[in-house]
Amino acid sequence: MIAGVDEVGRGCLAGPVIAASVILKRPIKGLVDSKKLSPKKRENLSQEIIENSIFAIGAADNHEIDKINILQASLLAMQRSLEKLDVKPKKILVDGVHIFKTSIEIESIVGGDNLIPS
C-alpha cells in the first residue's frame, strides 16, 4: 500500500498548516492538483475519496510554525497525519521536494499532486 501525503496552508500568513495522508482503496478518475479543479468537481471528488480511501489529517499550529518554521511545521503535520492512519503503508509519496525521517520507504515527487492520484 502506498500513502500519498500533501499539505495545505503553507502559504498562509497565519493559522495552522494541515496535511493529509491518503491510501486509495481503488483508482479514482480525475484526481489532479485540487487547485486545477472547479469547486464542484473538487467537492464531488472529496466525497469519493472519503468513501474509497484510508486517510488521516495532521496539523501543526501557529506556535509550532513560529518555533520551527513553516517548512518544518509542514513536515511535522505530514508525519502526524501518517501516524494517525489505521494501517501502515509500505511506501510514502510526498508532494514536493522535502521529506522527513521515517522507517518507511519515502520518496519526494515534485508536482506529485498532478502525477500521483493518492
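This text gives an overview of the structure that appears in the document. Keep in mind it's a predicted model, so treat the numbers as computed, not measured. (Residues numbered from 1 in each chain as written. Predicted model: local features only at pLDDT ≥ 70, side-chain atom pairs only at ≥ 80, totals over all residues. Heavy atoms only, no water.)

### Considerations on the pattern of salt bridges
Alright, step 1. All told, the structure shown has five salt bridges when counted by the stated rule.
Alright, step 2. In this structure, the salt-bridge partner of R80 is E64, at a minimum N-O distance of 2.6 Å. Linking R80 in helix α3 (residues 70-84) with E64 in helix α2 (residues 62-68), this pair joins segments that are 16 residues apart in sequence.
Alright, step 3. Residue classification places R80 among the partly exposed positions, given a relative accessible area of 27%.
Alright, step 4. A salt bridge links E105 to K91, with the nearest nitrogen and oxygen atoms 3.6 Å apart. Taken together, the residues E105 in strand β5 (residues 105-109) and K91 in strand β4 (residues 91-95) connect sequence positions 14 residues apart. (Salt bridge = Lys/Arg side-chain N within 4 Å of Asp/Glu carboxyl O. Helix = DSSP H or I, 4+ residues; strand = E, 2+ residues; numbered from the N terminus. Buried < 20%, exposed > 50% of the residue type's maximum accessible area, 1.4 Å probe, protein only.)

### Side note on the environment of I68
Alright, step 1. Here I68 lies in helix α2.
Alright, step 2. You can call I68 partly exposed: its relative accessible area is 33%.
Alright, step 3. In sequence terms I68 and D6 are 62 residues apart; their C-alpha atoms lie 19 Å from each other.
Alright, step 4. Beyond its immediate stretch of four places on either side in the chain, I68 contacts A73 and L76. (Contact = heavy atoms within 4.5 Å.)

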